[in-house]
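Breakdown of the fold
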Amino acid sequence: MTTETRVNLASTPVAVNVFKPIAAGTYEFELGDASVKVPGDAFKDATETVLKTPYIAVQLKAFGEGLPEGGRKYTHNLYIGCVPGTDGILNYARENGLIAMFGSLGATPPEIGVVTLEKTNKDGVLITADHLNPMEIVQALNNLRGERCKGRIKIKTETYAGKTADKNELTRFYSREG
């Protein structure tokens, strides 16, 4: 005989999930899946003179002191645009970028094609932006799934939409050579 019971979902409170950042420090990471992410807005600002380019979201699992034995999930974004920052450094050449990640994984960075993104702005001007081919990067990283690397995490306080929150930021990968 089966007895049916009922649960009143309307009277069940919603549990609030509070993010607790990983403590600042050096951790070992296991490489998971990499995927291409395309920004929702095409242009970086209202002037519509600079395009946003795709980026790579890399799933990592952090291992180290204070973390669960099975590790803790972390997502790191790799920016692949071919325009240097105001300091003259390309995002993929930074110490938390694509090239450093390959070095930390003990892998030689592959030769990657360059893709040109084109979009006409509201004034009818064609705006272009070069970036590394995201599909080639995803394939190269997914071939290394399960490999381990080391990196440094810090806690960063950000304000967005009037709310302030602590977030983790992977600031650098450590090369296996030193």
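An account of the accompanying structure is given in this report. (Residues numbered from 1 in each chain as written. Predicted model: local features only at pLDDT ≥ 70, side-chain atom pairs only at ≥ 80, totals over all residues. Heavy atoms only, no water.)

**What about the overall build of the protein chain?**
This is how it is decided: Put simply, DSSP H or I for four residues or longer makes a helix, DSSP E for two residues or longer makes a strand, and each gets a number counted from the N terminus. For a compact globule the rule gives 2.2 Å times the number of residues to the power 0.38, and the radius of gyration it is set against comes from C-alpha atoms. The classification of residues rests on relative accessible area computed with a 1.4 Å probe and restricted to protein chains. Under 20% of the type maximum is buried, over 50% is exposed, and intermediate values are partly exposed. Note on contacts: a residue pair is in contact if any heavy atoms of the two residues lie within 4.5 Å. Under the convention used here, a 1.4 Å probe and the Shrake-Rupley method define accessible areas, while residue burial counts only the protein chains that appear. A positive count includes Lys and Arg, and a negative count includes Asp and Glu. His and the chain ends are not counted in either. Where a charge lies is defined by one atom per residue type, namely NZ (Lys), CZ (Arg), CG (Asp) and CD (Glu).
Scanning the protein chain for helices and strands turns up 2 helices and 7 strands. The linear arrangement of helices and strands in the protein chain, starting from the amino end, is β-β-β-α-β-β-α-β-β. Relative to the compact-globule value of 16 Å for 178 residues, the protein chain shows a C-alpha radius of gyration of 20 Å, a clear excess of over 25%. In terms of overall dimensions, the protein chain has a C-alpha envelope of 70 × 50 × 40 Å along the principal axes. The burial tally for the protein chain puts 30% of its 178 residues in the buried class. Here the analysis covers contacts within the protein chain between residues at least 6 apart in sequence; of these, 57% occur between residues at least 24 apart. Of the roughly 11800 Å² that the protein chain leaves accessible, carbon and sulfur atoms contribute 50%. Charge centroids of the protein chain, computed over 21 positive and 21 negative side chains, lie 7 Å from each other.

**Overview of the environment of alanine 62**
Position of alanine 62 among the secondary structure elements: in strand S2 (residues 55-63). Residue alanine 62 is classed as buried on the basis of its relative accessible area of 0%. Taking the C-alpha atoms as reference points, alanine 62 and cysteine 149, 87 residues apart in sequence, are found 9.7 Å from one another.

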